[in-house]
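This is what each chain is made of:
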Amino acid sequence: MAVRPVLVYSDERLKQVSATVTEFNDGLRRLIADMEETLRSFPGCVGLAAPQLNHFQRIVIVDVSARPDIPHHGCLILINPEVVEKAGEAVGREGCLSVPDFTGNVARAERIHMRAQDSRGHVQNFDCEGFEARAIQHELDHLDGFLFLDRLVSRRDLFRRKHYK
Ligand code: NI
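Keep in mind it's a predicted model, so treat the numbers as computed, not measured. (Residues numbered from 1 in each chain as written. Predicted model: local features only at pLDDT ≥ 70, side-chain atom pairs only at ≥ 80, totals over all residues. Heavy atoms only, no water.)

### Some words on the coordination of the nickel ion
Those protein atoms acting as donors to the nickel ion are Cys96 (SG), His138 (NE2) and His142 (NE2), and they sit at 2.1 to 2.2 Å. Look at where the donors of the nickel ion fall in the sequence and you get C-x41-H-x3-H. Of the two residues, Cys96 sits in the loop between β4 (90-94) and β5 (102-108) while His142 sits in helix α2 (residues 130-143), which places them 46 residues apart along the sequence. Comparing Cys96 with His142, the two get one shared label, buried. (Donors = N, O, S within 2.8 Å, 3.2 Å for Na, K, Ca; no water. Helix = DSSP H or I, 4+ residues; strand = E, 2+ residues; numbered from the N terminus. Buried < 20%, exposed > 50% of the residue type's maximum accessible area, 1.4 Å probe, protein only.)

Structure (structure tokens):
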């Protein structure tokens, strides 16, 4: 396993659309292990998408379990994820390892039903809500070349920060 470097805005590669994963092999599982190790190397970070590591396949990790008192599914490894249904809308603050100097307010669905494959290719379904649903929608955006900067509620909803946390 290895911590890999994270692409940072305004790197044009972050705008790429990632490809569907078709081979569920040891190479995929090594990449997932590197994604997990990279995510863990940033305390407080709740998600990572493969394209942030310069690897353009539809793979994300989301783990909001360290946040107190919110519903969650533990560490989710989502391959070829799709949001099947959305409900509600809420505005909340988001950050991103690829946008280390800013946070911003973004509107997302409050509840989502999603379908994804696991590292062996098995299809799984999840109902997610609140902060976990927000984190998943943020990570899925990376797979289509979008950052939270593309989704700000308004230009005034961008905030500078000194340190990633
Ligand atoms: Ni991000």
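Let's pick the thread back up.
### A look at the pairing of strand β2 (residues 59-63)
β2 sits mainly inside the fold: five of its five residues count as buried. The two faces of β2 match: Ile59, Ile61 and Asp63 on one face and Val60 and Val62 on the other face are all buried. Bridge count for strand β1 (residues 47-49) against β2 is three bridges, and the pairing is antiparallel. By the bridge assignment, Leu48 is partnered in β2 with Ile61. The pairing of β2 with strand β3 (residues 75-87) spans five bridges and is classified as antiparallel. Bridge pairing in β3 links Ile61 to Ile77. (Pairing = 2+ DSSP bridges.)

### What about the nonpolar core?
Val60, Leu78, Ile112, Met114, Phe126, Cys128 and Ile136 are the most contacted members of the largest nonpolar core, which totals 18 residues. Within the residue set of this core, elements represented by two or more residues are β2, β3, β6 (111-117), β7 (123-129) and α2. Per-element tally for this core: the top contributor is α2, with five residues. Sequence-distant contacts of Phe126, defined by excluding residues within four places in its chain, comprise His73, Leu76, Leu78, Ile112, His113 and Met114. Counting 15 residues, the second-largest nonpolar core is a separate cluster that includes Leu31, Leu39, Leu53 and Leu97. (Core = buried A, V, L, I, M, F, W, Y, C linked by side-chain atoms within 4.5 Å. Contact = heavy atoms within 4.5 Å.)

### Some details on the sheet that holds β5
If you walk across this open sheet you meet the three strands as β4-β5-β8, and the pairing is antiparallel. At either end of the open sheet lies a strand with only one pairing partner, and these are β4 and β8 (158-160). Averaged over neighbouring strand pairs, the angle between their axes works out to 20° when direction is ignored. Pairing analysis gives three bridges linking β5 to β8, with the strands arranged antiparallel. Bridge assignment links Gly104 to a residue of β8, and that residue is Leu158. In the packing of α2 onto the sheet, contacts are made with β4 and β5, and the angle to β4 comes to roughly 70°. (Axes fitted to C-alpha atoms, helices over the stretch in contact; angles between N-to-C directions.)

### Notes on the pairing of β3
Looking along a regular strand, one sees the side chains alternate between the two faces of the sheet. Alignment of β3 against β6, held across six bridges, turns out to be antiparallel. Directly across from Ala87, in β6, lies its bridge partner Arg111.

### Thoughts on the environment of Leu7
Counting through the fold element by element, Leu7 comes out in the segment before α1 (26-40). Between the alpha carbons of Leu7 and Arg111 there is a distance of 29 Å; along the sequence they are 104 residues apart. When neighbours within four sequence positions are excluded, Leu7 is seen to be in contact with Arg13, Leu14, Pro51, Gln52, Asn54, Phe56 and Ser98.

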